[in-house]
Amino acid sequence: MTAHVLDFQIAGLNCAGCVGRAEKALAGVEGVSEASVNLASETGHVVFDAPAEAETLFRALDKAGYPARIATTTLEISEMSCAGCVRRAETALAAGQGVIDASVNLATETAQVRYAEGVITASQVAALSTRAGYPARLQQAEATVVDRKADEAAALKRKVVLAAALALPVFLVEMGGHLYPPLHHWIAANVATFTSHVIQFLLTAILLAGPGRQFYTKGFPALFKGAPDMNSLVAMGTSAAFLFSVVSTFAPDWLPAGTVNVYYEAAAVIVVLILAGRWMEARAKGRTGEAIRKLVGLQPRTARVERKGEDKEIAIDEIAVGDVVVVRPGEKIAVDGRVIDGRSYVDEAMITGEPVPVEKIAGAMVVGGTVNGQGALRFEAEAVGAETMLAQIISMVREAQGAKLPIQGMVDKITAVFVPAVIGFAVLTVVLWLVFGPSPALGHAMVAGVAVLIIACPCAMGLATPTSIMVGTGRAAQLGVLFRRGDALQRLRDCKVVAFDKTGTLTEGRPSLSDFLVAEGFEKAVVLRLVAAAEQGSEHPLAQAVIETAENDLPEAEHFEAVVGMGLRATVEGREVLVGADRFMMAEGVDISALKGEAERLANLGKTPVFAALDGRSAALLAVSDKVKPASRAAVDTLHQMGVKTAMISGDNRATAEALAAQLGIDHVVAEVLPEGKVAALKAMSDTMGAVAFVGDGINDAPALAAADVGIAIGTGTDVAIEAADVVLMSGDLRGVVNAVTVSQAVIRNIRQNLFWAFAYNVALIPVAAGALYLVGGPMLSPMLGAGAMALSSVFVLTNALRLRSVKAAMPEEAAA
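The structure presented is a predicted model; accordingly, all values stated were derived computationally and were not measured. (Residues numbered from 1 in each chain as written. Predicted model: local features only at pLDDT ≥ 70, side-chain atom pairs only at ≥ 80, totals over all residues. Heavy atoms only, no water.)

Asks: Give a detailed account of the UniProt feature "transmembrane region" (unreviewed entry) in the chain, specifying residues and quantitative values.
Replies: The feature "transmembrane region" (unreviewed entry), as annotated in UniProt, sits at residues 160-180, 186-209, 230-250, 262-280, 414-436, 442-465, 755-775 and 781-802 in this numbering. Between the end C-alpha atoms of residues 262-280 the distance is 30 Å, and the span holds 89% helix and 0% strand. Secondary structure across residues 781-802 comprises 91% helix and 0% strand; the distance between its end C-alpha atoms is 30 Å. (UniProt positions renumbered as here; feature names shortened; annotations may be inferred. Helix = DSSP H or I, 4+ residues; strand = E, 2+ residues; numbered from the N terminus.)

Asks: Give me the lowdown on the pattern of salt bridges, citing residues and values where you can.
Replies: This structure, assessed with the given rule, holds 24 salt bridges. The shortest N-O distance in the salt bridge between Arg 529 and Glu 573 comes to 3.1 Å. Of this pair, Arg 529 sits in helix H19 (residues 524-535) while Glu 573 sits in the loop between strand S21 (567-572) and strand S22 (575-580), placing them 44 residues apart in sequence. In this structure, Glu 588 engages Arg 569 in a salt bridge whose closest nitrogen and oxygen atoms are separated by 2.4 Å. You can see Glu 588 sitting in the loop between helix H21 (582-587) and helix H22 (593-604) and its partner Arg 569 sitting in strand S21, a full 19 residues away along the chain. A relative accessible area of 35% means that Glu 588 is categorised as partly exposed. Looking at Arg 569, the relative accessible area reads 18%, which means it is buried. What you see here is one network of salt bridges that share partners, running through Arg 304, Glu 313 and Glu 331. (Salt bridge = Lys/Arg side-chain N within 4 Å of Asp/Glu carboxyl O. Buried < 20%, exposed > 50% of the residue type's maximum accessible area, 1.4 Å probe, protein only.)

Asks: Provide a residue-level description of the packing of helix H28 (residues 735-770) against helix H29 (residues 783-802), including the pertinent values.
Replies: Closest axis-to-axis distance for the H28/H29 pair is 9 Å, and the angle between their directions is 170°. Judged by the inter-axis angle, H28 sits roughly antiparallel to H29. Contact with H28, carried on its side by Asn 750, Gln 753, Asn 754, Trp 757, Tyr 761 and Leu 765, involves Gly 786, Ala 789, Met 790, Ser 793, Phe 796, Val 797, Asn 800 and Ala 801 of H29 and no other residues of that element. Of the residues assigned to the contact of H28 with H29, the class counts are eight nonpolar, six polar and no charged. (Axes fitted to C-alpha atoms, helices over the stretch in contact; angles between N-to-C directions. Parallel < 35°, antiparallel > 145°, perpendicular 65-115°, else oblique. Contact = heavy atoms within 4.5 Å. Nonpolar A, V, L, I, M, F, W, Y, C, P; charged D, E, K, R; others polar.)

Asks: Before we move on, could you go through the sheet that holds strand S4 (residues 70-77) and cite the residues and values that matter?
Replies: One key point about sheets: their strands pair by backbone hydrogen bonds, in either a parallel or an antiparallel sense. The four strands lie next to each other as S5-S6-S4-S7, forming an open sheet whose pairing is antiparallel. Of all strands in the sheet, those with a lone pairing partner are strand S5 (99-105) and strand S7 (136-138), marking the two edges. Strand-to-strand, the axes of this sheet are offset by a mean angle of 30°, without reference to chain direction. Pairing between S4 and S7: three bridges, direction antiparallel. Opposite Glu 76, over in S7, you have Arg 137 as the bridge partner. Helix-sheet contacts for helix H4 (residues 122-131) involve S4, S5, strand S6 (110-116) and S7, and the interaxial angle to S7 is about 165°. (Pairing = 2+ DSSP bridges.)

Asks: Could you give an account of the confidence of the model for the chain, naming the residues involved and the relevant values?
Replies: Looking at the chain as a whole, its pLDDT mean stands at 82, while 88% of the residues score no less than 70. Across the chain, strand S18 (residues 497-500) holds the top mean pLDDT of 94, while helix H30 (residues 813-816) sits lowest at 48. Note on residues 140-146: pLDDT under 50 across the span, and four contacts to partners over four residues away in sequence or across chains. (pLDDT = per-residue confidence, 0-100.)

Asks: Give me the packing of aromatic side chains: which residues, what numbers.
Replies: Considering all chains together, one arrives at 11 aromatic pairs under this definition. Relative to Phe 58, the ring of Phe 8 lies with its centre 5.4 Å away and its plane at 75°, an arrangement referred to as edge-to-face. Of this pair, Phe 8 sits in strand S1 (residues 4-9) while Phe 58 sits in helix H2 (residues 54-64); the two residues are 50 residues apart in sequence, bridging distant segments of the chain. (Phe/Tyr/Trp six-rings, centres within 6.5 Å; stacked < 30°, edge-to-face > 60°.)

Asks: Explain helix H8 (residues 213-224) to me, using residue names and the numbers behind them.
Replies: Spanning 12 residues, H8 covers 17 Å between terminal C-alpha atoms, matching the ideal 16 Å at 1.5 Å per step. A positive phi of about 80° marks Gly 226, the residue just after H8. (Expected span 1.5 Å × (residues − 1).)

Asks: Break down the packing of helix H1 (residues 16-27) against H2 for me, citing the residues and quoting the values.
Replies: Two elements in contact, H1 and H2, have axes separated by 9 Å at closest approach and are oriented at 140°. Of the possible angle classes, the one that applies to H1 and H2 is oblique. The interaxial crossing formed by H1 with H2 has right-handed handedness. Contact residues: H1 offers Ala 22, Ala 25 and Leu 26, while H2 offers Leu 57, Ala 60, Leu 61 and Ala 64. Tallied by class, the residues present in the contact of H1 with H2 amount to seven nonpolar, no polar and no charged. (Left-handed = near helix turned anticlockwise from the far one by under 90°.)

Asks: Can you lay out the sheet that holds S1 for me, pointing to particular residues and giving the numbers?
Replies: Taken in spatial order, the three strands of this open sheet run S1-S3-S2, and their pairing is antiparallel. Two strands close off the open sheet at either side, each with one partner strand: S1 and strand S2 (32-38). Taken over all neighbouring pairs, the strand axes of this sheet differ in orientation by 10° on average, direction set aside. Strand direction decides the pairing type here: S2 and strand S3 (residues 43-48), joined by six bridges, are antiparallel. Bridge pairing in S3 places Val 32 opposite Phe 48. In the packing of H1 onto the sheet, contacts are made with S1, S2 and S3, and the angle to S2 comes to roughly 160°. H2 rests against S1, S2 and S3 of the sheet, and its axis sits at about 40° to S1.

Below is the structure:
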C-alpha cells in the first residue's frame, strides 16, 4: 500500500512544547507512520496509511488545541444540468486531498469548498471539478496573498500599545514610589494607598482580560489537560502575582503579618513584555519566509496568449499546455516552454543564479519567472501550473524548510519534559523559600516562583533550528542551490570529501574529436564512416563528436548494442563494428597493442582515447577532448581552502583522468569504473576518508548520487540524476557546489549558536530567578526582568537566524572566469 504524505499549516503554535504536543496528537492517529511539526513555518508533515485520513488528522490536532488552518473558496462551475451532475461534482471535489467539505449549488452554478491551507490551493481545488467533466474556475481572481505574519504582527502591535497604555500608570505609581520615595509619600497623602491599589487592580484586570486574555484561554486548558505549554507558564505566573495582589488589596487579614504587598505592576508589565516579544517574533518570522515570497513574486499574474488569431491577455492559471504565448521586450515569461520564433536575451539569474542573460532563439527553452530582454518571443507552453520549474523550485524549498535535522532530535527530547520540569522547579522554589526563606517568606517565595515560571519559557529552544533552516535554504535558493531534502544541510556540512564525476560535471560534456589515427591496412575515410554510422544509435557525448566529423550521408546500423561503461557494437553494411575503451577491446579479444603506445601519449595530454575495431581487428584510435568548465579549478581550490578534500570518479582512461586531476588540483582519482563501480568507490572513500558528497549530472551517475552521503546534481543534467540527488544546482558550473557547502556550514554554525544561547540562557537564569544570587548577598530577580529576558532570548535567536540572509557566494563571478 502506498503511503500518503500531507503537508499543511497549523495555528496556535507558540513554543517547542506546542510542537511536541501537536506531533504527539498526529502520531497518535492510527495509520500514521511519521509526523513532524515545524515551529518556524508553522506547518505539519505527516506520512500515513489507512485508516488515517486528512479529516481524522485535523480532528486530532483540533482536539489538542492546534487546529489546521482552513480556507474557503467559491467556484463557478459550468456544464451542470441535473442533480446527478451536482453529486458527481461534489464527489470529485470532496475526494481531493485536503478538502474538508464541498457544497455545490445547481441554481447558482457555484460551489463552496473548505480546504486545508498548505495541502491544496484554490486553483487545484477547481482543477478537481474540471477533471471530472465540470469546468470550474475561481469566482473571482484570488486577491494578492497578504503575509499572514504581517497581519499577526499588526494585531500584536495593537495589543502591545493598548497593554502598555494600561500598564504604564500601574508601573509608574508602584515602581515609581519605590524608586522615588517622595512620590510614594505624595500618593499616600493625596490618593491614599488603598485607592491607589484599587486603581492598579482595575487597570491590571482590564489588561489581563483584554490584551492578555490569550495566555489564559490557551494556557489553563492546556494545563488542565496535563499538557502545559508556554502559555501555561505565563498564565500561572501572572495569575499568581495578580491574585496575591488582590488578596493583599481586599483581604489583607488573610495574609501573615509583613507579607502584605501588591504585584500588579509585575503581572501587567510581564504581559506587556511578552506581547512585545511576540510582536518582534512575528515580524522576524515574517522575514524568515522572504525567499519563498520572492520566488512566488517572480511569476507574473497574466500573460498574452494567441487565441483565435489574436493576442488575448489571460490569467496564468488559464494557460494550457500547447498555448502559444507572446512575450514582449521587458516582460516576465509566464510559464515554461519552447521558443517558436523570435530572438532575445533572457535574464535567468533569479532561477539559476547566472548573471549573464542567455540567448533565446527558435527551439530554445524558456523558464517561467525569468525576464525577457529587448527582443520579442513567441513560445509554446510545455509546462504550466505546478509543473513549471519555478513551481518545482518553490516546492523543493518549502519541503526543505519543513525538514527536521538530526540535531533537532536532542532539542525535541529536552523540550518534551521541559515545561513540566519548570513547573515542578517553581513549586519546589516556593516551598524552599517558605521553609527556609527570611521574613517575609511568603513574599519572597511568590516573587521567586513567578520569576522561574516566566523566565523559563522554551520559545528560543523551539525556534533555534527551524528558523535557521528556513532562512538558510531560502538564501541557498537565491544562490542557485536547492536542498531537495532539508537534512542534507547537516549531512553536507559533515562531508569531508567532495567527489566529482568527470564528463559534464568538471568538463563541458561537449567533447570534440581531436585525433583520428588508423591502423595499418585501413583507410581513414572508410573507418570514420563506419564508426560514425554505428555511433548514430548512441547517446554518449562521444557519438555526437564523431558524427559531426563524418559525412552527412551515413548508412544505417543494424543490431546496435550499447555495453554500459564499456562501448558499443553494431553491424554496418555487413561489417561488425566495435567502439569503446581498451578494456572493452580486450574483453572482445581484439589486439590493440599496435595503437597502445599512442593511446597512452594522448591520455597523458588529458584526451580520452577510444578504440575502433572492424570485424575483430583493431582499426583506429580516436581521441576525444572535452573542455574543462571555467569554474572547475576555482571551485576545487575554494573547497580546499574550506578544509574539504576533493576526488574524481570517472569511467575514463586512468591516464586521462589523472592528467585532468593534476590540471585541476584534485586530491584523489578513481578511474576506469562502471556505474556500479562508482558506488563501490564512494563506499571505500567513505570508510577511509569520512562522509562523501558526490557531484554528477548523467543517468549513469544516479546510483552514485543516491548512494553518496549527499548527492549533488547539476541542474543542467538529466531528470534521473536530479531525482536521485539531495541537492540540485541550478547553474551548470561548480560554483554551486561551493555555495552549497558554504550555506550548509553557515546554517549548522548558526543553529549551534542559537542552541547554545537558548540552553545557556535557561541554565544560567533559572537558578537566578529562583533566588540563587540572594543567597550570596545579591538581589532577587524581578519577574518583570525575567519576562524581558525571556522575550529577548527568542528575538535574539530569530535575529541571529536572519543573519543567514546575508550569506555571500563563496566564489565571486571573476573567480569562475
